[in-house]
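Overview (structure and organization)
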Amino acid sequence: MTAVAISAPPDHGTLETLVLLLTWRCPAACDHCVFESGPDNKVDLDIEAAKAAVDAAARLSPRPSLSFSGGEPFAARKAMNQLLQRAWAYGMASEIVTSCAWVADARRTRQILEEMQSNGLQVLCVSFDRFHTPFVASWKVAMAIASAVDLGLHVVVNVLEEEFDARDHDRLADALDLDRDQLRAVRIHPQRVNDVGRARKTGSADRSCTTSFRGGCSRAGRFPTITPDGLLFPCCGPVVGEQAPGRKLFEIGALETADSDNVSEAFEALDDDLMVRLLSRIGPLGIIQMAQGSSGAHSQAEYVNQCDICLTIATDGALNHEVTELLAHIDSLV
């Protein structure tokens, strides 16, 4: 272990967006799903606990926005509508991340989105890739995009990095049979398939690496996530879907009661958590190098992104132990 000289735990960013994974249920069972969501995964976030989380988030200054995801959040649409309304009463805007499997026709799609927009929905994030298309017809994705753009919502399209890049508006418009000018109003968000959950079982992960990811993680602590089973994590990354015992290093705590004071305590624990602060300041690779020394066995070349490094910390028993020892060592100094 490297020597550590630190007078106080480093600061991390302000909580920006609270992510509520409303359910693991989903009409799709995509081969790359890090959470192994599907029709038979029927765990839902307790609605009273979710309301308490919204109430606790409303006490923060500044108040964060909300992001509803899953699974498919529209599989818990009644609960999502209640939470949208509750958050908007506090002035908190919302985002929904969806597969668009719920889309039926243009009139009904617009009606649903318009109602949600009146309750603070500002961003609609949809998925379109080769893993989703066997389960969700592309016309449903196109209809959701067209309706959202027409309503003036911000639209993000999650795609695979290997299939599209952020400049591929014309090609994506052709693939979805959408007007090119209309699609230019959306943001294309290329993503990688991470080696966890169903992706690990199906061998769907992309192990190529094209970017550098040294330094702090910009999401740790800024996008905390509550899972359907009531656990709080520092971000919405794929480590949430990892089932290895080492995942507990990333768990901030459990929402033991549906009480806003209880959730506020969990948020305070997030703010004080040393692992979260280190992730934010030096990143998971920096944590490994502190635990092993800069000449340790692990180097950037082994990973495809920062999430991949966190997954390694969670799954590699020896490394997990070394990081745990590092945290205890820093705690003893501060």
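Refer to the structure above for everything that follows.
These remarks concern the structure in this document.

The residue Met80 is located in helix 2 (residues 77–89) in this model. Considered as a pair, Met80 and Leu22 are 58 residues apart in the sequence and their alpha carbons are 7.7 Å apart.

This part covers the packing of helix 2 against helix 3 (residues 106–118). Axis separation between helix 2 and helix 3 bottoms out at 9 Å; the angle between their running directions is 35°. Here helix 2 contributes Arg77, Met80, Asn81, Leu84 and Trp88 to the contact with helix 3, which in turn contributes Arg108, Ile112, Met116 and Ser118. The residue inventory of the contact of helix 2 with helix 3, partitioned by class, reads five nonpolar, two polar and two charged.

Further remarks concern unusual backbone geometry. Residue Pro62 follows Ser61 across a cis peptide bond; omega there is 0°. In this structure, Pro62 sits in the loop between helix 1 (47–58) and strand 2 (65–70). Even without being a glycine, Cys100 presents a positive backbone phi close to 75°. Residue position: Cys100 is located in the loop between strand 3 (94–98) and helix 3. For Asp177, which is not glycine, the phi torsion reads 55° and is therefore positive. Inspection of the secondary structure assignment puts Asp177 in the loop between helix 5 (169–176) and helix 6 (180–183). Judged by relative accessible area, Asp177 falls into the exposed class, the value being 70%.

With that settled, consider helix 5. By the burial criterion, the buried members of helix 5 are His169, Leu172, Ala173 and Leu176. One side of helix 5 holds all its buried residues, which, seen down the axis, span an arc of 105°. In the stretch just after helix 5, Asp177 is the one whose phi turns positive, near 55°.

Quick notes on the rules
- Residues numbered from 1 in each chain as written.
- Predicted model: local features only at pLDDT ≥ 70, side-chain atom pairs only at ≥ 80, totals over all residues.
- Heavy atoms only, no water.
- Helix = DSSP H or I, 4+ residues; strand = E, 2+ residues; numbered from the N terminus.
- Axes fitted to C-alpha atoms, helices over the stretch in contact; angles between N-to-C directions.
- Contact = heavy atoms within 4.5 Å.
- Nonpolar A, V, L, I, M, F, W, Y, C, P; charged D, E, K, R; others polar.
- Buried < 20%, exposed > 50% of the residue type's maximum accessible area, 1.4 Å probe, protein only.
- Arc of directions from axis to C-beta.

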